[in-house]
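# Residue-level structure breakdown
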Amino acid sequence: MKNQLLLLVALLCGMNATAGDIKTVKSPDGKLVVNIETDNGKANYSVLYNDKQMMEKSSLGLHTNVGDFTTGLILKDAKAGSVDENYTMTRTKTSTVHYVANTLDLNYETADKKNMTITFQVANNSIAFRYTLPTQGQAACVVVNDEISSFNFPAQTTTFICPQAKAMSGWMRSKPSYEENYALDAKMDVKSAQGEGYTFPSLFHIGNNGWALVSETGTTSQYCGCHLSDYNPSTGYTVAFPQAGENNGFGSNTASFALPGSTPWRTIAIGDNLKPIVESTVQFDVVKPLYEASQEYKPGRST
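Predicted model, so just to flag it, every value in this text is computed and none were measured.

## Digging into the overall build of the protein chain
Tallying secondary structure elements over the protein chain gives 3 helices and 21 strands in all. Relative to the compact-globule value of 19 Å for 303 residues, the protein chain shows a C-alpha radius of gyration of 21 Å, a close match. Taking the principal axes of its C-alpha atoms as reference, the protein chain extends roughly 90 × 45 × 40 Å. With 303 residues in all, the protein chain has 43% of them scored as buried. Of all intrachain contacts in the protein chain linking residues separated by at least 6 positions in sequence, the fraction that spans at least 24 positions is 64%. A total accessible area of about 16,400 Å² is found for the protein chain, and carbon and sulfur atoms account for 52% of it. A gap of 1 Å separates the mean positions of the 24 positive and 28 negative side-chain charges of the protein chain.

## Looking at the nonpolar core
Of all hydrophobic cores here, the largest spans 53 residues; its most connected members are Ile36, Tyr45, Phe120, Phe151 and Phe153. Core analysis: the second largest hydrophobic core is formed by 11 residues, Val83, Tyr87, Val97 and Ala128 among them.

## Brief notes about the sheet that holds strand β5 (residues 62-64)
If you walk across this open sheet you meet the 4 strands as β6-β5-β11-β19, and the pairing is antiparallel. The strands lining the two open edges of the sheet, one partner per strand, are β6 (68-69) and β19 (255-258). Relative to strand β11 (residues 141-147), β5 is paired through 3 bridges, and the arrangement is antiparallel. In the strand pairing of β11, His63 is matched with Asp146.

## Describing the pairing of strand β4 (residues 52-60)
Strand direction decides the pairing type here: strand β3 (residues 42-49) and β4, joined by 6 bridges, are antiparallel. Within the sheet, the bridge partner assigned to Ala43 lies in β4 and is Leu60.

## Some words on the pairing of strand β13 (residues 158-163)
Among the 6 residues of β13, 5 are classified as buried, and the element is accordingly described as predominantly covered. Examined bridge by bridge, β13 and strand β14 (residues 183-187) share 4 bridges and lie antiparallel to one another. Across the sheet, the residue bridging to Ile161 is Ala183, located in β14.

## Describing the side chain of Thr158
Summarising the element assignment, Thr158 is placed in strand β13. With relative accessibility at 16%, the residue Thr158 sits in the buried group. Of the polar contacts made by the side chain of Thr158, one reaches the side chain of Asp185; its length is 2.6 Å. Aside from chain neighbours lying at most four places away, what touches Thr158 is Asp185, Ala186, Leu203, Phe204 and His205.

What counts as what
Residues numbered from 1 in each chain as written. Predicted model: local features only at pLDDT ≥ 70, side-chain atom pairs only at ≥ 80, totals over all residues. Heavy atoms only, no water. Helix = DSSP H or I, 4+ residues; strand = E, 2+ residues; numbered from the N terminus. Rg over C-alpha atoms; globule rule 2.2 N^0.38 Å. Buried < 20%, exposed > 50% of the residue type's maximum accessible area, 1.4 Å probe, protein only. Contact = heavy atoms within 4.5 Å. Areas by Shrake-Rupley, 256 points an atom, 1.4 Å probe, with all protein chains shown as cover. Lys, Arg positive; Asp, Glu negative; His and termini not counted. Charge placed at Lys NZ, Arg CZ, Asp CG, Glu CD. Core = buried A, V, L, I, M, F, W, Y, C linked by side-chain atoms within 4.5 Å. Pairing = 2+ DSSP bridges. Polar contact = N/O pair within 3.5 Å; in protein donor to acceptor, adjacent residues only side chain to side chain.

Here it is, written out as structure tokens:
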């Protein structure tokens, strides 16, 4: 009997040791739900819309030269907040935007006491997330060698996505520079035409559950423009860095920025039909102007 009790205690302790810590952030209307789980030292997220699974467990994290922020993560705290902003634009799909979202900052620490914050902003039909790194000891800057952010859609999902071109191919060795041929309503396990993944933005049809458009925004000279990897059944699509030969081989195919600093936003527009996808302004909602224009620019005559 004593041995049985000891076995039961050991099993319960083991369950507690591996149980995931789940934090939730919802859209203001409550329809869009993002669950962020820290399980066995790894962070991931999943998405529901109208109680339907839009995205299954998807990875979060960065590999950097100052620390590995993909494993051994300990969630120290999570701080909820909100955003309520109005702004105007003169050259996009709508002139006036009222952006309302709920936010969640998740502060992580690694086994060697390095820190990272993952920020989620969830509006009624959009999700944005990014990583922020504070100053890490004596390091004044960071090199991001790899980002494991992934988008793991349910099995019934089909795609409307554009394959990434091979670097230094095409006219004047200028590719990847523009769109390639889209595959319409293709299955996820179909390999990209050039084996280099897919270009942002990428549209996914999650069967009767709805639609999702994945992209990025807020990329500056301190980061690289990214795209999606080919599909992996265990992880879905992952953020992929440029090929080594892009830009005729000039520059690096990794990212670097000064500390403290943040990555670009990864964005997901979501709806049960295409209307919220077409009307989404998430790519503008989560960024600020980098500078004031020296004068007012107005459109000229055009045909």
